[in-house]
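Structure assessment
Now for the letters of each chain:
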Amino acid sequence: MSRIAYVNGRYVPHRSAMVHIEDRGYQYADAVYEVCEVSDGALVDMTRHLDRLDRSLRELRIRPPMSRGALATVLHRTVALNRVRDGFVYLQVSRGVARRDHFLPDPALPPAVVVTARSVDRAAAERTARKGIAVVTVPDNRWGRPDIKTVQLLPNTLAKQVAKEAGASEAWFVDASGHVTEGGSTNAWIVTKDGRLVTRQADSSILRGITRTGVMDLVKRRNLLVEERAFTVEEALGAAEAFVTSASNPVTPVVRINGNMIGDGSPGPVALALRAAFHEVTELSRPVNHGK
Ligand code: PMP
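Residues numbered from 1 in each chain as written. Predicted model: local features only at pLDDT ≥ 70, side-chain atom pairs only at ≥ 80, totals over all residues. Heavy atoms only, no water.

What follows deals with the overall build of the chain. Secondary structure assignment for the chain yields eight helices and 16 strands. Compactness check: the chain gives a C-alpha radius of gyration of 19 Å against a globular reference of 19 Å for 292 residues, within 12% of the reference. Its C-alpha atoms put the chain at 55 × 45 × 35 Å along the principal axes. Looking at the chain as a whole, 48% of its 292 residues are labelled buried. Sequence separation of at least 24 residues holds for 71% of the intrachain contacts in the chain that already meet a minimum separation of 6. Surface exposure of the chain reaches about 14,300 Å², of which carbon and sulfur atoms provide 54%. If the 40 positive side-chain charges of the chain are averaged to one point and the 32 negative ones to another, these points end up 6 Å apart. (Helix = DSSP H or I, 4+ residues; strand = E, 2+ residues; numbered from the N terminus. Rg over C-alpha atoms; globule rule 2.2 N^0.38 Å. Buried < 20%, exposed > 50% of the residue type's maximum accessible area, 1.4 Å probe, protein only. Contact = heavy atoms within 4.5 Å. Areas by Shrake-Rupley, 256 points an atom, 1.4 Å probe, with all protein chains shown as cover. Lys, Arg positive; Asp, Glu negative; His and termini not counted. Charge placed at Lys NZ, Arg CZ, Asp CG, Glu CD.)

And the structure:
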């Protein structure tokens, strides 16, 4: 089956899906994005993803490209056209196409929108979670606003490459005071030896992950103790458990940090329980049936 992408109002074959060379996303990373999990054909926590998209757009003064209802329709349609049951849908909004100039273009410029969808191998993701992953730490050299979900991901890709070359799957960024901010494409969590969950406060130093918020809901529902605060690499090394969260693989246990075993070196019970229960607290959104 051939893949289909949505590009600026049209559904086109993925292999010939193109954006203009003067798209501001291409020239300046002047674009924001969202990745939303698809589970059994439904979009997971779409409302929260679209809320975060609105916030990112507002922070960068990019016009909303279309109404929320229209955007939801495009997301669902792209998922359906690509026959994705389990996977994710990717949405990118750039400031639009304008002659290259650092100054922002006319605010009336229409934003450019791209949507793609892809299936994932759930069984492989499950196997990874059962084994747990290794992470390495790297200095956080990103700009001052990682809370905005921009496509400016060069530090993240380079950090993840460092991880890969060290035999790990994720890099944890560490700030100037030695505290973990977040992963290259995940939020970072630890479980202390006395059973408290710790994840960094969602200020401007990290992306407020939608999965992070979902796990918070779950944690509250189960009356687990959670602290939103910074933790050092040293504290993580002494933790009972560690894990990462992201929409593309909700809760993934971490079993090694910089080559050191966490806990007994196998996925912890808290992380595995949160992973198993994650979809209990999420919103599932399906296309609106217009009676056709
Ligand atoms: N932090 C970063 C830097 C990310 O790229 C991601 C994934 N988009 C996350 C955290 C997790 O966010 P979410 O749970 O919304 O996928």
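This part takes up unusual backbone geometry. Trans is the common state for peptide bonds, and a negative phi is the common state for residues other than glycine. Not every positive phi belongs to a glycine, and D45 is a case in point at roughly 55 degrees. Along the chain, D45 falls in the loop between β4 (42–44) and α2 (46–60). Despite not being glycine, R61 has its phi angle at roughly 55 degrees, a positive value. Relative to the helices and strands, R61 resides in the loop between α2 and α3 (68–81). Of the residues examined, R61 reaches a relative accessible area of 67% and is grouped as exposed.

What follows covers the site of the ligand. As a structural note, the neighbourhood of the ligand is formed by 17 residues, with K149, E182, I210, T211 and A247 the closest of them. K149 is positioned with one of its side-chain polar atoms (N or O) 2.4 Å from a nitrogen atom of the ligand. Between the ligand and I210, the relevant distance is 2.8 Å, taken from an oxygen atom to a main-chain nitrogen or oxygen of the residue. Out of a free accessible area of 390 Å², the ligand has 94% covered by protein chains. Most atoms of the ligand, that is more than half of them, are within 2 Å of grid points of the largest pocket. Looking at the shell around the ligand, the elements with two or more residues in it are β9 (180–183) and α6 (210–221). Residues that form the shell around the ligand fall into these classes: four nonpolar, 10 polar and three charged. (Near = heavy atom within 4 Å. Polar contact = N/O pair within 3.5 Å; in protein donor to acceptor, adjacent residues only side chain to side chain. 1 Å grid on protein atoms, 1.4 Å probe; cavity = no way out; pocket = protein on both sides within 12 Å on 5 of 7 lines; lining within 4 Å. Sits in = over half its atoms within 2 Å of the grid points. Nonpolar A, V, L, I, M, F, W, Y, C, P; charged D, E, K, R; others polar.)

The interhelical angle for the contact between α2 and α3, taken along N-to-C directions, is 120 degrees, at an axis separation of 12 Å. In terms of orientation, α2 and α3 fall into the oblique class. Every pair of crossing elements has a handedness; the one defined by α2 and α3 is right-handed. Counted together, M46, T47, L50, D51, L53 and D54 of α2 and R68, L71, A72, L75 and H76 of α3 form the full contact between these two elements. For the contact of α2 with α3, the residue count by class is six nonpolar, two polar and three charged. (Axes fitted to C-alpha atoms, helices over the stretch in contact; angles between N-to-C directions. Parallel < 35°, antiparallel > 145°, perpendicular 65-115°, else oblique. Left-handed = near helix turned anticlockwise from the far one by under 90°.)

What follows covers the pairing of strand β1 (residues 4–7). By the alternation rule, side chains of β1 split into I4 and Y6 and A5 and V7, which are all buried. Relative to strand β2 (residues 10–13), β1 is paired through four bridges, and the arrangement is antiparallel. Each bridged residue has a counterpart across the sheet, and for V7 the counterpart in β2 is R10. The hairpin formed by β1 and β2 contains two residues between the paired strands, and N8 there has a positive phi angle of roughly 45 degrees. (Pairing = 2+ DSSP bridges.)

Summed over all chains, the structure comprises four aromatic pairs. Ring plane angle 70 degrees and centroid distance 6.0 Å describe the contact between W172 and F231, whose orientation is recorded as edge-to-face. You can see W172 sitting in strand β8 (residues 170–174) and its partner F231 sitting in the loop between β12 (226–228) and α7 (233–237), a full 59 residues away along the chain. Given the relative accessible area of 0%, W172 is considered buried. Looking at R77, its charged tip hangs above the ring of Y11, at a distance of 4.6 Å from the centre. (Phe/Tyr/Trp six-rings, centres within 6.5 Å; stacked < 30°, edge-to-face > 60°. Lys NZ or Arg CZ within 6 Å of the ring centre and 35° of its normal.)

Within the largest apolar cluster, 24 residues are counted, with the highest numbers of intra-cluster contacts made by L43, L53, L75, V89, L91 and V115. Elements with a minimum of two residues in this core: β3 (31–39), α2, α3, β5 (87–94) and β6 (112–119). With sequence-adjacent residues up to four places away left out, L91 is seen in contact with V32, Y33, E34, L50, L53, L71, L75, V113, V114 and V115. Judged by nonpolar contacts, the second largest core, of 17 residues, contains V135, F231, A236 and V244. (Core = buried A, V, L, I, M, F, W, Y, C linked by side-chain atoms within 4.5 Å.)

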